[in-house]
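Here is how the chains run, residue by residue.
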Amino acid sequence: MFPILDTQIYGHRLVYLDNAATTQKPQQVIDTLTQYYLTLNSNIHRGAHHLAAEATERYEAVRRQVQSFINARSHREIVFTRGTTESINLVASSMGKLWKNCQPRHRAEVIVSGMEHHSNIVPWQLAGATLRPIPFSDEGVLDLDAYRALFNRNTRLVACTHVSNTLGTVNPVAEITRIAHEHDVPVLIDGAQAVAHMAVDVQAIDCDFYCFSGHKMYAPMGVGVMYGREEILDILPPYQGGGEMIKDVTFERTTYNELPFRFEAGTPSVGDVLGLGSAIDFMIGQGLPAIQTHEESLMRYALEKLSTIPGIRFIGPGVRADNNNSQLNKAGVISFLLGDAHPYDVGTLLDKLGIAVRTGHHCTQPIMDHYGIPGTVRASFACYTTPADIDALHAALTKIAPMLL
Ligand SMILES: Cc1ncc(COP(=O)(O)O)c(C=O)c1O
């Protein structure tokens, strides 16, 4: 089903545990992409010919598929982007213009969690905002009392990750949103590490924006989603200017297209959007509850099994021995260190045994500062990860630990 998983690395079976960076693609997604370029390639929305009409219909059908996948109220709330990074930049850039227009004399403040990916930090700085980070404990859990105390009259937005790409923490995003709304502050949730691991319901969370990347949920690279609540998108200035996003253009003045096209300037990545539709079909075919149950039991198995490795130290929430029945607040990701060994050395030795993990700061330098470490080794899961993969990681770490400790 995932052809690349048959690859041999240095004579070993590939054990792919870098899914938080990008997931592998199932055959049906690869087929959709190939078929698109073999039989359907054309530009959408403007063409008078058959291919353009067919491609447009399929592209817009995926928009409705995404709407249903995250339970948005309307397809007008689904904007296709290149990925989470572009989705957040879109919101930050457009919100930044709004803040400057409405209250030019007040410096906007954005509350972010202390565990954000750089792509949920830097765009707000570029938008001219001052960041107020929500602290988190050594266990990797956000301090909601401290969060409540961060609001003031300059707070313009809360931006928080659903699942931390470094700690695996699943944040209480509905509660975070509820608290922000008590202060009339809108909320953006970075769902990059959530959508592949759990059913996401934007109405249940009640967030105002929800951003994610297709390539982290079995779809091709080059496509992502920015969900925005319609009432807010209606008043948000456009992000990029160009074709598709306009109604009328003269040299004096331009009027803009309706939602969601107002935020989709230029030719989109049509084939990749169709691939995203195919990835959603794949996930629904597997069953989201089944994926979640499988990955949760894998997480418990991995934490228990890996805890026997000499010198291992987990970074982020763990699972206590008495905690087997309680809900896991961790998804997809296990970060760890092996004694004082540099994460890069661990990753390089694992690679020689066919095991793909990621090492470094994972674009979350503030998390590394919190723990006073240069980086971690990160093993991350997907629906195709098996206990045998965890056993292989365990065996490899057992082998390399004596070399490094
Ligand atoms: C939590 C989180 N946010 C944002 C991103 C950025 O995603 P992309 O590079 O697909 O835009 C990532 C990527 O690793 C991530 O893990």
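Bear in mind that the values here come from a model prediction, so they are computed numbers and not experimental data. (Residues numbered from 1 in each chain as written. Predicted model: local features only at pLDDT ≥ 70, side-chain atom pairs only at ≥ 80, totals over all residues. Heavy atoms only, no water.)

**Brief notes about the site of the ligand**
Turning to step 1, where the next piece is worked out: Taken together, the residues surrounding the ligand are Thr 84, Thr 85, His 117, Ser 119, Thr 161, Asn 165, Asp 190, Ala 192, Gln 193, Ser 213, His 215 and Lys 216.
Turning to step 2, where the next piece is worked out: Here Gln 193 contributes a side-chain N or O atom positioned 2.7 Å from an oxygen atom of the ligand.
Turning to step 3, where the next piece is worked out: Side-chain polar atom of Lys 216 to an oxygen atom of the ligand: 2.7 Å apart, as the coordinates give it.
Turning to step 4, where the next piece is worked out: Protein chains bury 85% of the 390 Å² of accessible surface belonging to the ligand in isolation.
Turning to step 5, where the next piece is worked out: When the residues that make up the shell around the ligand are grouped by side-chain class, the tally is one nonpolar, nine polar and two charged. (Near = heavy atom within 4 Å. Polar contact = N/O pair within 3.5 Å; in protein donor to acceptor, adjacent residues only side chain to side chain. Areas by Shrake-Rupley, 256 points an atom, 1.4 Å probe, with all protein chains shown as cover. Nonpolar A, V, L, I, M, F, W, Y, C, P; charged D, E, K, R; others polar.)

**Some words on the packing of helix H2 (residues 50–69) against helix H9 (residues 270–286)**
Axes are the key here: two packed helices are described by the angle between their axes and the distance separating the axes.
Turning to step 1, where the next piece is worked out: Close contact between H2 and H9 brings their axes to 9 Å; oriented N to C, the two are set at 40°. As the angle between them shows, H2 and H9 are arranged oblique. Where H2 crosses over H9, the handedness of that crossing is left-handed. Two secondary-structure elements touch here, H2 through Arg 58, Tyr 59, Val 62, Gln 65, Val 66 and Phe 69 and H9 through Val 270, Val 273, Leu 274, Leu 276, Gly 277, Ile 280, Asp 281, Met 283 and Ile 284.
Turning to step 2, where the next piece is worked out: In terms of residue class, the contact of H2 with H9 is built from 11 nonpolar, two polar and two charged. (Axes fitted to C-alpha atoms, helices over the stretch in contact; angles between N-to-C directions. Helix = DSSP H or I, 4+ residues; strand = E, 2+ residues; numbered from the N terminus. Parallel < 35°, antiparallel > 145°, perpendicular 65-115°, else oblique. Left-handed = near helix turned anticlockwise from the far one by under 90°. Contact = heavy atoms within 4.5 Å.)

**A closer look at the sheet that holds strand E9 (residues 209–213)**
Sheets are built from strands paired through backbone hydrogen bonds, the pairs being either parallel or antiparallel.
Turning to step 1, where the next piece is worked out: Taken in spatial order, the seven strands line up as E4-E10-E9-E8-E7-E5-E6 in an open sheet, and their pairing is mixed. Two strands lie at the open edges of the sheet, namely strand E4 (78–81) and strand E6 (130–134), each paired on one side alone. Averaged over all neighbouring strand pairs, the angle between strand axes comes to 20°, with direction disregarded.
Turning to step 2, where the next piece is worked out: As defined by bridge partners, E4 adjoins strand E10 (residues 224–228) across four bridges and the pair is classed as antiparallel. (Pairing = 2+ DSSP bridges.)

Honestly, it's all geometry; don't read function into it.
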